[in-house]
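Listed here are the chains, written in short residue letters.
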Amino acid sequence: MLDCAIIGGGPAGLTAGLYTTRGGLKNVVMFEMGLPGGQITQSSEIENYPGFFDHTKTGMDFMDSWMEQCFHFGLTHKMEKVLKVKKVDEHFELTLESGEKVESKTVIVATGSTPKRAGFKGEDEFFGRGVSTCATCDGFFYKNREVAVLGGGDTALEEAYYLSKICSKVYLIHRRDEFRASPLTIQRVQKTQNIEIITNTHIKEAIGDSMGLSRLVLENLNAEQSVLEVNGIFVFVGRNINNGVLKSDEDNFICEVNQYGEVSVDLKMRTSVEGLFVAGDLRADAQKQVVCAAGDGAVAGLSVISYIQEME
Ligand code: FAD
Ligand code: NAP
């Protein structure tokens, strides 16, 4: 039986792994279905994590240095998706995608979130062939060409700015005329010459052929349509909360969640189920910042150690 099973290997899960193993737990496994690092590895930059201030480094570079440190004290990474967490008597049973069952005294769930689709016609058809949710990954394919970005939050504006350094022009399309992004980010985008902001507009359809996307049909609030000739559209319209592992066979949550499906926790990252902890973007009221997710992971890790000591 594991001392602690950590689900998710983003900033929260990795930090929880660092704290549990460095705090003396011997048997800690982090189940991360991909490579560790989490969402921030898709970012072109990070400038608000104290102690790290280098505009030449991407989110991937930033997380690289976490790996060595977080695995140094004995944390193990198992590259598998967890399907379900169930409490059985005083411990937990995890069901992995492979069908394997794993028992653990405690669980920290840090599964974060994943990009939402906007829902326009052709979005799925051209996904990976012109439609993208990752500028760091795909921006280079559009070097010196025109692209579009959809969304009005921090991600859309930051990535539009990133793309403006690679692409000849970036059309930033937003359905309202007010942005959710932070004021400084908005100002930076507004000042960037090769970003054209198109507000009060949505994408009606993505059109292309076997070679991929060739144009977007836009529609404004007056139902006037226009065509944008671009081969790339980057969609940044928010994230889905990855709370599926916390659902029972009957499709109910095994612990308390809020109206958005984010998990309710106390200041020790304890959920309503004893021995089950949640950290990072998955929890209610998370600020959705790397530094906050890391803080949550540390708190959850320390809480697990106290919980196991009390059990014993
Ligand atoms: P995540 O980073 O989402 O990690 C969750 C991990 O869990 C993922 O690796 C996923 O593969 C894994 N997982 C999910 N489900 C399962 C499962 N069932 N089984 C196994 N593994 C699973 N924050 C900042 O502070 N500064 C920034 O500049 C910044 N820029 C950003 C730019 C972009 C493009 C994006 C998308 C986000 C940005 N953020 C930024 C937000 C920041 O990345 C997140 O707040 C942070 O990564 C959350 O960490 P987390 O560990 O909670 O979750
Ligand atoms: P977000 O803040 O939820 O913004 C999503 C944007 O997409 C909104 O502008 C929304 O429009 C628009 N949108 C939603 N659905 C749409 C649809 N179907 N069609 C067209 N547009 C649609 O998401 P985010 O930008 O990914 O940010 C997520 C969180 O991470 C936020 O809390 C953010 O602050 C944080 N983050 C922080 C940083 C940083 O600190 N540097 C960087 C990136 C992200 P409306 O505005 O009209 O709703």
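Our subject is the structure listed above.
Counting starts from 1 at the beginning of each chain's written sequence and moves along it residue by residue. Both sets of labels track the order of writing: A upward for chains, 1 upward for ligands. This being a predicted model, a pLDDT of at least 70 is required before a residue's local features are given, and a value of 80 or more before pairs of side-chain atoms are given or counted; all residues contribute to the totals for chains, interfaces and linings. Heavy atoms from the whole structure form the basis of all side-chain values; hydrogens and water molecules are not counted.

Draft legend 1. Molecular detail of the sheet that holds strand 9 (residues 146-150). A sheet is described by the order of its strands in space; here five strands give the open sequence 8-15-9-10-11, paired in parallel fashion. At either end of the open sheet lies a strand with only one pairing partner, and these are strand 8 (131-132) and strand 11 (195-198). Pairing of strand 8 with strand 15 (residues 233-235) involves two bridges; the strand directions are parallel. Counted as the bridge partner of Val131 is Ile233 from strand 15. The contact criterion used is simple: two residues touch if any of their non-hydrogen atoms lie within 4.5 Å. Every angle, taken between N-to-C directions, lies between 0 and 180 degrees, and every axis is a line fitted to C-alpha atoms, over only the stretch in contact when it is a helix. In DSSP terms, a helix is any run of H or I states spanning at least four residues, a strand is any run of E spanning at least two, and both are numbered starting from the N terminus. Running at roughly 165 degrees to strand 10 (residues 169-173), helix 4 (residues 154-164) makes contact with strand 9, strand 10, strand 11 and strand 15 of the sheet. Only strands that DSSP links by at least two bridges are regarded as paired with each other.

Draft legend 2. Inspection of the packing of helix 1 (residues 11-22) against helix 2 (residues 59-71) at higher detail. Look at helix 1 against helix 2: their axes get within 8 Å of each other, and the N-to-C directions meet at 25 degrees. Taken together, helix 1 and helix 2 sit at an angle that is classed as roughly parallel. Here helix 1 and helix 2 pass one another in a crossing that is left-handed. Contacts between helix 1 and helix 2 involve Pro11, Leu14, Thr15 and Leu18 from the first element and Met63, Trp66, Met67, Gln69, Cys70 and Phe71 from the second. Gly counts as polar in this scheme, as do all residues outside two lists: the nonpolar Ala, Val, Leu, Ile, Met, Phe, Trp, Tyr, Cys and Pro, and the charged Asp, Glu, Lys and Arg. Here the contact of helix 1 with helix 2 is built from residues that sort into eight nonpolar, two polar and no charged. Here is the rule for angles: anything less than 35 degrees is roughly parallel, anything more than 145 is roughly antiparallel, 65 through 115 is roughly perpendicular, and the remaining ranges are oblique. Whether a crossing is left-handed or right-handed is set by the direction in which the near helix is turned from the far one by less than a right angle, anticlockwise for left-handed and clockwise for right-handed.

Draft legend 3. Quick peek at the environment of Lys169. With respect to the secondary-structure elements, Lys169 resides in strand 10. Sequence separation of Lys169 and Arg270 is 101 residues, and the distance between their C-alpha atoms is 47 Å. In this view, Lys169 contacts Arg145, Glu146, Val147, Asn194 and Glu196; residues no more than four positions away in its chain are not counted. For Lys169, the side chain forms a polar contact with the side chain of Glu196, separated by 2.7 Å. N or O atoms closer than or at 3.5 Å make up a polar contact, with two conditions inside protein: a donor-capable atom paired with an acceptor-capable one, and, for residues adjacent in sequence, both atoms drawn from side chains.

Draft legend 4. View of the side chain of Glu123. Here Glu123 is to be found in the loop between strand 7 (113-115) and strand 8. Summary of the burial criterion: residues with accessible area below 20% of their type's maximum are buried, those above 50% are exposed, and those between are partly exposed, where the area comes from a 1.4 Å probe applied to protein chains only. Counting rule for charge: Lys and Arg are taken as positive, Asp and Glu as negative, and neither His nor the chain ends is counted. For this document, the term salt bridge refers to a Lys or Arg side-chain nitrogen within 4 Å of an Asp or Glu carboxyl oxygen. Here Glu123 sits buried without a salt bridge, and the closest side chain of opposite charge, Arg117, lies 5.1 Å off (N-O distance). In contact with Glu123, other than residues within four places in its own chain, are Arg117, Ala118, Val131 and Val235.

Draft legend 5. Broad picture of the layout of surface pockets. The definitions used throughout rest on a 1 Å grid laid over the protein atoms alone, on which a cavity is an enclosed set of points accommodating a 1.4 Å probe that cannot get out and a pocket is an open set flanked by protein within 12 Å on both sides along at least five of seven lines; lining residues are those having an atom within 4 Å of a point. Grid points are joined across faces, edges and corners, and a volume is the space filled by probe spheres set on the points. Reported here for the second largest pocket is a volume of approximately 250 Å³. When residues of the lining of the second largest pocket are traced back to their parent elements, those giving at least two are strand 17 (276-278) and helix 6 (290-311). In terms of residues, the lining of the second largest pocket owes the most to one element, helix 6, which gives five residues. When the residues that make up the lining of the second largest pocket are grouped by side-chain class, the tally is five nonpolar, five polar and four charged.

Draft legend 6. Representation of the site of ligand 1 within the structure. By convention in these notes, a residue is near a molecule or strand provided one of its non-hydrogen atoms lies within 4 Å of it. As a matter of local geometry, ligand 1 sits amid 33 residues, with Glu32, Gln39, Asn48, Asp281 and Val290 nearest to it. The contact in question runs from an oxygen atom of ligand 1 to an N or O atom on the backbone of Gln39, over 2.9 Å. In the environment of ligand 1, a nitrogen atom lies 2.8 Å from a nitrogen or oxygen atom belonging to the side chain of Asn48. For the shell around ligand 1, the secondary structure elements donating two or more residues are helix 1, helix 4 and helix 6.

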